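Structure assessment
Spelled out from the first residue to the last, the chains are:
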Amino acid sequence: MNILTLLIAVFVLLIALKRLSMITFAEDDTVLKAVKHKALSLFWVILIISSFIYIPYNVWILTGRSHYWDGVYITGGTALITIITSFVYYYKTSSRKMVRQ
């Protein structure tokens, strides 16, 4: 069950990053559209931050819930890998959007 929730969290993170990159390069013609884009981006950012917190926690649970230094290394390493992968994925999706415009 924990593996399934971990996979769901990873997919939610990827979808939220893709949607956030789409909103970033959307054109704001009116003030109402700008407010809508800001509200949607806030929603996606909340999902991204919660995924940043949940993914390392779930990996820590899957590896045995160690309360010693190995648990710190596992949690910290997973957090770093998650954040670096997210930045790379966001950069790749936004660079594709910039090329199309």
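Right above here is the structure, for reference.
Below is a summary of the structure that appears in this document. Counting restarts for each chain: residues are numbered from 1 in the order of the written sequence. Residues qualify for local features only when their pLDDT is at least 70, as the model is predicted, and side-chain atom pairs are given and counted only at 80 or more; totals for whole chains, interfaces and linings, by contrast, use all residues. Only hydrogens and water are removed before side-chain values are computed, so all heavy atoms of the structure are retained for them.

To continue, consider the side chain of serine 86. Elements are defined by DSSP. Helices are runs of H or I of four residues or more, strands are runs of E of two residues or more, and each kind is numbered from the N terminus. The topology assignment puts serine 86 in helix H3 (residues 69-100). Three labels apply to residues, based on accessible area from a 1.4 Å probe with only protein chains included: buried if under 20% of the type maximum, exposed if over 50%, partly exposed otherwise in between. With relative accessibility at 5%, the residue serine 86 sits in the buried group. The residues touching serine 86, leaving out its near neighbours within four places in the chain, are Leu13, Leu17 and Phe52. The contact rule is simple, with two residues in contact once any of their heavy atoms fall within 4.5 Å.

Here the expected length of a helix is defined as 1.5 Å per residue gap, with one fewer gap than residues. For helix H1 (residues 2-24), with 23 residues, the first-to-last C-alpha span of 33 Å sits near the 33 Å given by 1.5 Å per residue. Every buried residue belonging to H1 is among Leu6, Ala9, Leu13, Ala16, Leu17, Leu20, Ser21 and Ile23, and all of these are buried.

With that out of the way, let us pick up a nonpolar patch on the surface. Residues enter a patch when their relative accessible area is above 30% and they make no salt bridge; the linking distance is 9 Å between like charges and 5 Å between nonpolar side chains (Val, Leu, Ile, Met, Phe, Trp, Tyr). Using the Shrake-Rupley algorithm and a 1.4 Å probe, accessible areas are obtained, with residue cover drawn only from the displayed protein chains. By definition here, a salt bridge exists when the distance from a side-chain nitrogen of Lys or Arg to a carboxyl oxygen of Asp or Glu is within 4 Å. Together, Ile3, Leu7, Phe11, Ile15 and Leu62 give the surface a local cluster of nonpolar side chains, amounting to about 500 Å² of exposed area. Among the elements that take part in the nonpolar patch, H1 stands out by supplying four residues, more than any other. With respect to the helices, strands and loops of the structure, isoleucine 15 is situated in helix H1. With a relative accessible area of 48%, isoleucine 15 lands in the partly exposed category.

Planes of paired rings set the category: under 30 degrees apart is stacked, over 60 is edge-to-face and the rest tilted, where pairs are Phe, Tyr or Trp rings (Trp by its six-membered ring) whose centres lie within 6.5 Å. Scanning all chains against the criterion turns up three aromatic pairs. Seen in terms of ring centroids, tyrosine 57 and tryptophan 60 are 5.9 Å apart; in terms of plane orientation they differ by 35°. Their pairing is tilted. Of the two residues, tyrosine 57 and tryptophan 60 both sit in helix H2 (residues 31-62), three residues apart, roughly one turn of that helix. Look at tyrosine 57 and you get partly exposed, because its relative accessible area is 43%. Judged by relative accessible area, which is 17%, tryptophan 60 ranks as buried. With centroids separated by 6.0 Å and ring planes inclined at 35°, the aromatic side chains of tryptophan 69 and tyrosine 73 adopt a geometry described as tilted. Of the two residues, tryptophan 69 and tyrosine 73 both sit in helix H3, four residues apart, roughly one turn of that helix. By the burial criterion, tryptophan 69 is exposed, and tyrosine 73 matches it.

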